[in-house]
Amino acid sequence: MIASGQIRSPIEFVAVVVSCATSAGLLVITATVVGVDALRTDSGPADLNLSFYLLVGGTLFGILLAAYAAWHLLAPVDSTYRRGGLAIVSAFATTAIMLICIPIHQLLGRTGLLVLLCLSGVTTLALARLARRLGGSP
């Protein structure tokens, strides 16, 4: 199952990788929501088409980034079936966790979204470093 024999616990490795990939997807989606919110004016959306395309494109990019990040970080796993399945799980987990942007924006506004953006960025970097260490990469 695992190419390198340096992984102590495959469950721990997979949990860290899925968490990292989901956090990376949340990072992109939160940045997208901040961008859409910045396009809005007090009287309503300035350009509805631009907001729509930014929201849909950014959301899809975040979901695909989560799947790619999981696939890339799971390189020590020999089975493409398992790597693909866990990449899909990461993409679906991103669609579930991205819903946290709604209450944060309603309660805390753009400042709350920026805090979430920073937290997800720091979390992504820390978990990616941990995943590489657990997976045996330098």
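Residues numbered from 1 in each chain as written. Predicted model: local features only at pLDDT ≥ 70, side-chain atom pairs only at ≥ 80, totals over all residues. Heavy atoms only, no water.

Caption draft 1: Spatial organisation of helix H3 (residues 80–97). Helix length check: H3, at 18 residues, gives a terminal C-alpha distance of 25 Å against a target of 26 Å (1.5 Å per residue), a fit within 8%. Those residues of H3 that fall on the buried side of the exposure criterion are Arg83, Ala87, Ser90, Ala91 and Thr94. The arc that holds every buried residue of H3, seen down its axis, measures 95°, which confines them to one face. Away from the buried face of H3 by more than 90 degrees, exposed residues Tyr81, Phe92 and Ala96 are located. (Helix = DSSP H or I, 4+ residues; strand = E, 2+ residues; numbered from the N terminus. Expected span 1.5 Å × (residues − 1). Buried < 20%, exposed > 50% of the residue type's maximum accessible area, 1.4 Å probe, protein only. Arc of directions from axis to C-beta.)

Caption draft 2: Examining the packing of helix H1 (residues 10–39) against helix H4 (residues 101–135) more closely. Between H1 and H4, the shortest axis-to-axis distance is 7 Å and the interhelical angle comes to 145°. The handedness of the crossing between H1 and H4 comes out as left-handed. Residue composition of the contact of H1 with H4, by class: 21 nonpolar, nine polar and three charged. (Axes fitted to C-alpha atoms, helices over the stretch in contact; angles between N-to-C directions. Left-handed = near helix turned anticlockwise from the far one by under 90°. Nonpolar A, V, L, I, M, F, W, Y, C, P; charged D, E, K, R; others polar.)

Caption draft 3: Highlighting the packing of aromatic side chains. Following the criterion strictly, the structure yields one aromatic pair and no others. With a centroid separation of 5.4 Å and an interplanar angle of 65°, the aromatic rings of Phe52 and Tyr53 are classed as edge-to-face. For Phe52, a relative accessible area of 49% gives the class partly exposed. Its relative accessible area of 58% is what places Tyr53 among the exposed residues. Sitting over the ring of Trp71, Arg83 keeps its end group 4.0 Å from the ring centre. (Phe/Tyr/Trp six-rings, centres within 6.5 Å; stacked < 30°, edge-to-face > 60°. Lys NZ or Arg CZ within 6 Å of the ring centre and 35° of its normal.)

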